[in-house]
Amino acid sequence: MGSRRIEFVIAENPPKRLDKAVSRDVPEEASLSRTRLAKLIEAGALTVDGAVVQDPKARIEVGAQVVIEVEEAEDSHIGPEDIPLEIIFEDDDLIVINKPAGMVVHPAPGSPSGTLVNALLHHFGGALSGVGGVKRPGIVHRIDKETSGLLVVAKSDAAHQGLAVQFEKHTVERYYQAICYGVPDASDPRLRGIKGTSFEAGNILKITTQLARHKTDRQRQAVLFQGGRHAVTRARIVESFGTSPVAALVECWLETGRTHQIRVHMAHAGHGLIGDPTYGGRRKLATKALDDTAQAAVRAFPRQALHAAVLGFDHPVTGAALRFEAPLPQDMADLLAALRG
């Protein structure tokens, strides 16, 4: 396996720790993330003035000569598969995909193949610089198997690091379209009595809780108010359906990005998503509120009615502002048509 040699000098006023100083001064064109640098230090791939240093907390002085030997990226153990992809945007650093419902993002014990990563490995062929020392796509966020919509994936270490920072700081723009039971309106006194829910100007529902894995059902997330991870979801009504409204198309956006966040938050507010087998349930709608066609369409909808419609972020390498939109998939468009009568 080949390797490349990266040499540079520590600039003035370096951080006290080796890992932080190296992360600050390593050339940008090296495309090494902080995580990757930490692993290289631990592996003994870094020398300071000719001596191997493996302690990330070691002191380093201005003018120190740093050399890093980086092995070329290894092939991933995940196999490429020729699976069609709807590519919205692609360059040397990242790719934006409109993922169909039913596709898992990353291989797991229950889904070892047929995933987005398998498809991307085939699409990239040999033109993948590698993330973390392995030739693999850099997954910085995921959407559930049965949720459709936009997903960005890194093709290089530099892009992976830059995107990860934006997701960590919650600066990525993410809007979802969902079809839910009921209408989350500020005029509903029931909503104002649910802990963690409030309304902002413009009839925007805000849901603020903690989320953690359910104690007894490991496939679910649970709403908590102590422990867990902070989560904030906002939703506004786009359209309501029924002579006495019993369902709504809502636009949801995330201040945080937790597993199943929109699905569990909307269910907590009493507005579970139509078709959601985990949180939405199967509700009986008032027979006179919708016609038979609409009632049948709601009962038959096979997945959570959730679509990642908008994705916006700064390009992690060029700095350009990027924003993408994906129209509703056909199954959700058909459901809306039925609900409209």
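Just so it is clear, the model here is predicted, and its values are computed rather than measured.

A. Molecular detail of the state of the cysteines. Counted according to the given criterion, the structure contains zero disulfides. C180 takes part in no disulfide bond, and the closest cysteine sulfur to it belongs to C252, at a distance of 7.5 Å. The class for C180 is buried, based on a relative accessible area of 0%.

B. Broad picture of the pairing of strand 7 (residues 94-99). Across the six residues of strand 7, six count as buried, placing the element largely inside the fold. Burial along strand 7 is two-sided: L94, V96 and N98 facing one way and I95, I97 and K99 facing the other are all buried. Here three bridges tie strand 6 (residues 87-90) to strand 7, and the two strands are oriented antiparallel to one another. Residue pairing in the sheet places E90 in a bridge with I95 of strand 7. The antiparallel hairpin formed by strand 6 and strand 7 contains three residues in its connecting segment. As paired strands, strand 7 and strand 10 (residues 148-154) are joined by six bridges and run antiparallel to one another.

C. Structural view of the sheet that holds strand 4 (residues 65-71). Across the sheet, four strands lie side by side as 1-4-2-3; this open sheet has antiparallel pairing. Two strands bound the open sheet, and with one partner strand each, they are strand 1 (3-9) and strand 3 (51-52). Pairing of strand 2 (residues 46-48) with strand 3, which is carried by two bridges, proceeds in the antiparallel orientation. When the bridges of strand 3 are listed, V48 appears paired with A51. Lying on the sheet, helix 2 (residues 34-42) is in contact with strand 2 and strand 4; it crosses strand 4 at an angle near 95°.

D. Local environment of the packing of aromatic side chains. Following the criterion strictly, the structure yields three aromatic pairs and no others. Geometrically, the ring pair formed by Y175 and W253 is tilted, given 5.4 Å between the ring centres and 35° between the ring planes. Of the two residues, Y175 is situated in strand 11 (residues 173-181) and W253 in strand 16 (residues 247-254); the sequence distance between them amounts to 78 residues. What makes W253 buried here is its relative accessible area of 16%. A ring pair is formed by F313 and F324, whose centres lie 6.2 Å apart and whose planes are at 40°; its orientation type is tilted. Placement of F313 in strand 17 (residues 306-314) and of F324 in strand 18 (residues 321-325) is noted, with a sequence separation of eleven residues between them. Each member of the aromatic cluster is reached from another via a ring pair, and the members are F89, F313 and F324.

E. Structural view of the nonpolar core. Judged by nonpolar contacts, the single largest core of 34 residues is most densely connected at L116, Y176, C252 and M266. Contributing elements (two or more residues each) for this core: strand 7, helix 3 (116-124), strand 10, strand 11, strand 13 (204-213), strand 16, helix 6 (261-268) and strand 17. The element that contributes the greatest number of residues to this core is helix 3, accounting for five residues. Those residues in contact with Y176 that sit more than four places away from it in its chain are I143, V250, E251, C252, L254, I262, L306, H307, A308 and A309. Among the nonpolar cores identified, the runner-up in size contains 22 residues, and A21, L40, V48 and I60 belong to it.

F. Structural view of helix 3. Most of helix 3 is tucked away, with seven of its nine residues classed as buried. Regarding helix 3, the residues found buried are L116, V117, N118, A119, L120, L121 and F124. Two residues or fewer past helix 3, G125 is found with a positive phi of approximately 60°.

G. Local environment of the side chain of E251. Secondary-structure assignment places E251 in strand 16. Polar contacts involving the side chain of E251 include one to the side chain of R236, which spans 2.9 Å. Setting aside its immediate chain neighbours within four residues, E251 contacts Y175, Y176, R234, A235, R236 and V238.

H. Representation of the packing of helix 1 (residues 18-25) against helix 2 in the model. The geometry of helix 1 relative to helix 2 is characterised by a closest axis approach of 10 Å and an angle of 130° between their N-to-C directions. As judged from the angle between their axes, helix 1 and helix 2 are oblique. The chirality of how helix 1 crosses helix 2 is right-handed. For the pair helix 1 and helix 2, contact is made by L18, D19, V22 and S23 and by R34, L37 and I41, respectively. When its residues are assigned to classes, the contact of helix 1 with helix 2 shows four nonpolar, one polar and two charged.

I. Structural context of the pairing of strand 13. Burial analysis of strand 13 places seven of its ten residues in the buried class, which makes it a mostly covered element. Of the pairings in the sheet, the one linking strand 12 (residues 197-200) to strand 13 comprises four bridges and is antiparallel in character. Pairing of T197 across the sheet is with I207, part of strand 13. Hairpin connection between strand 12 and strand 13: a loop of three residues separates the two successive antiparallel strands, and G202 in this loop has a positive phi of roughly 90°. Relative to strand 15 (residues 229-241), strand 13 is paired through seven bridges, and the arrangement is antiparallel. Directly across from T208, in strand 15, lies its bridge partner V232. Pairing geometry for strand 13 and strand 14 (residues 221-224), over four bridges, is antiparallel. Directly across from R213, in strand 14, lies its bridge partner Q221.

What counts, and where the lines are drawn
Residues numbered from 1 in each chain as written. Predicted model: local features only at pLDDT ≥ 70, side-chain atom pairs only at ≥ 80, totals over all residues. Heavy atoms only, no water. Disulfide = S-S within 2.5 Å. Buried < 20%, exposed > 50% of the residue type's maximum accessible area, 1.4 Å probe, protein only. Helix = DSSP H or I, 4+ residues; strand = E, 2+ residues; numbered from the N terminus. Pairing = 2+ DSSP bridges. Contact = heavy atoms within 4.5 Å. Axes fitted to C-alpha atoms, helices over the stretch in contact; angles between N-to-C directions. Phe/Tyr/Trp six-rings, centres within 6.5 Å; stacked < 30°, edge-to-face > 60°. Core = buried A, V, L, I, M, F, W, Y, C linked by side-chain atoms within 4.5 Å. Polar contact = N/O pair within 3.5 Å; in protein donor to acceptor, adjacent residues only side chain to side chain. Parallel < 35°, antiparallel > 145°, perpendicular 65-115°, else oblique. Left-handed = near helix turned anticlockwise from the far one by under 90°. Nonpolar A, V, L, I, M, F, W, Y, C, P; charged D, E, K, R; others polar.

What is shown is where atoms sit, not what they do.
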